[in-house]
Amino acid sequence: MSDTIHNTVIIGSGPAGYTAAIYAARANMAPILYTGKEPGGQLMITTDVENYPGYPKGVMGPQMMDDFRDQAARFGTKINYELISKVDFSGPVHKLWTESGAEVQAHSVIISTGASAKWLGLPSETRLMNKGVSACAVCDGFFFKGMEVAVVGAGDTAAEEASYLAKLCPKVHMLVRRDEMRASKIMQKRVMNTENIIIHWNTETREVIGTDEVEGVRVINNKTQEVTDIPVKAFFVAIGHKPNTDIFKDWLDMDGAGYLKTVPGTTRTKVEGVFASGDAQDNVYRQAVTAAGTGCMAALDAERYLTEKEII
Ligand code: NDP
């Protein structure tokens, strides 16, 4: 264990974490940031980001996160490519442990752990993971260029994935469990106007077919109960996300889905010196720009806290 007590440890490396780091570093808080297992977070598996202000022509998600990281590093944030797997918020000094067992101590902690893709939970889905089953069209779509594929889900993510795949694949089957889509109107319009996206309404996945690789998907129409096999080579799951907050459950308040609760209008949690930002605490907006906004708030809240405690 090191004797150093850091002013601020930031957990997570999406827009919230890196923005918190930029503000904290520029406020001389000497922040230490732990990236987690997926440096850059969810935007690393996104294609074009067209709604982040400042990029009039759009930007690729991974490029944007490289820019965020470089900006955080430029002001002296120490970036560790490790996962924080345990915390203890019982004392005035907060304790955190990396996956390799190293203990880290901090006067303030900014949580920006984001959210992760959800899975259907089918045994066949698990068995064929990375053998055609994927939650990231941008990462894996290229491997299925020229082949028929399926996307399950009907939100903006599913619509985005289907649109991306439609540029690579002759046919994209979109499996929608209701008779309407949750995606924004503009995204719905985009998929509906794309000739090679076939929307299967009222359709649920029974099983992903295949032994060593995906060969198809067995679906059931929940209105007619008709079961059909669709021959596809890949099955992309795009059914939403779960906040990455399991390690905080003994210490912080969260809602039923696991989103961290903060004092309204602030990023303060119920533990002094612990702040939550980004998708880990936002189940409403969940945008890169709102995550960045709350990351900024968390750094300012942490700075105020450290100043009040006369730590900085
Ligand atoms: P959402 O929660 O918005 O949508 C999840 C979708 O998956 C819903 O259509 C849901 O169906 C469906 N679903 C959930 N569970 C199952 C299941 N077991 N079987 C079949 N279908 C299932 O998640 P998204 O990831 O799409 O979006 C999250 C947020 O991020 C949203 O606010 C979205 O607007 C935003 N976003 C914005 C983008 C952009 O602006 N470029 C891009 C991507 C996301 P049902 O509708 O029936 O519940």
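Note: the structure precedes this text.
Scope of this entry: the structure provided in the associated data block. (Residues numbered from 1 in each chain as written. Predicted model: local features only at pLDDT ≥ 70, side-chain atom pairs only at ≥ 80, totals over all residues. Heavy atoms only, no water.)

Considering the sheet that holds strand E15 (residues 216-221)
Read from one edge of the open sheet, 3 strands run E14-E15-E16, paired in antiparallel fashion. Taken across any chain shown, the strands that pair with only one partner, and hence form the sheet edges, are strand E14 (203-209) and strand E16 (227-230). Each strand of the sheet is rotated relative to its neighbour by a mean of 25°, with strand direction disregarded. (Pairing = 2+ DSSP bridges. Helix = DSSP H or I, 4+ residues; strand = E, 2+ residues; numbered from the N terminus. Axes fitted to C-alpha atoms, helices over the stretch in contact; angles between N-to-C directions.)

Some remarks on unusual backbone geometry
Of note in this structure, Ala30 is not a glycine but carries a positive phi near 45°. Within the secondary structure layout, Ala30 lies in the loop between helix H1 (15-26) and strand E2 (32-34). For Glu310, which is not glycine, the phi dihedral falls at a positive 60°. The residue Glu310 is located in the segment after helix H7 (288-308) in this model.

Some points on the packing of helix H5 (residues 156-166) against helix H6 (residues 185-192)
Running from N to C, H5 and H6 point in directions that differ by 35°, and their axes come no closer than 9 Å. In the crossing of H5 with H6, the sense of the turn from one axis to the other is left-handed. Taken together, the residues of H6 that come into contact with H5 (itself represented by Asp156, Ala159, Glu160, Ala162 and Ser163) are Met187, Arg190 and Val191. A per-class count over the contact of H5 with H6 returns 4 nonpolar, 1 polar and 3 charged. (Left-handed = near helix turned anticlockwise from the far one by under 90°. Contact = heavy atoms within 4.5 Å. Nonpolar A, V, L, I, M, F, W, Y, C, P; charged D, E, K, R; others polar.)

A word on the packing of H1 against H7
In the contact formed by H1 and H7, the axes pass within 7 Å of each other and the chain directions differ by 35°. Of the two possible hands of crossing, H1 and H7 adopt the one that is right-handed. Each of Pro15, Ala16, Thr19, Ala20, Tyr23 and Ala24 in H1 lies in contact with H7, whose residues at this interface are Ala288, Ala291, Ala292, Gly295, Cys296, Ala299 and Leu300. For the contact of H1 with H7, the class distribution of residues is 11 nonpolar, 2 polar and no charged.

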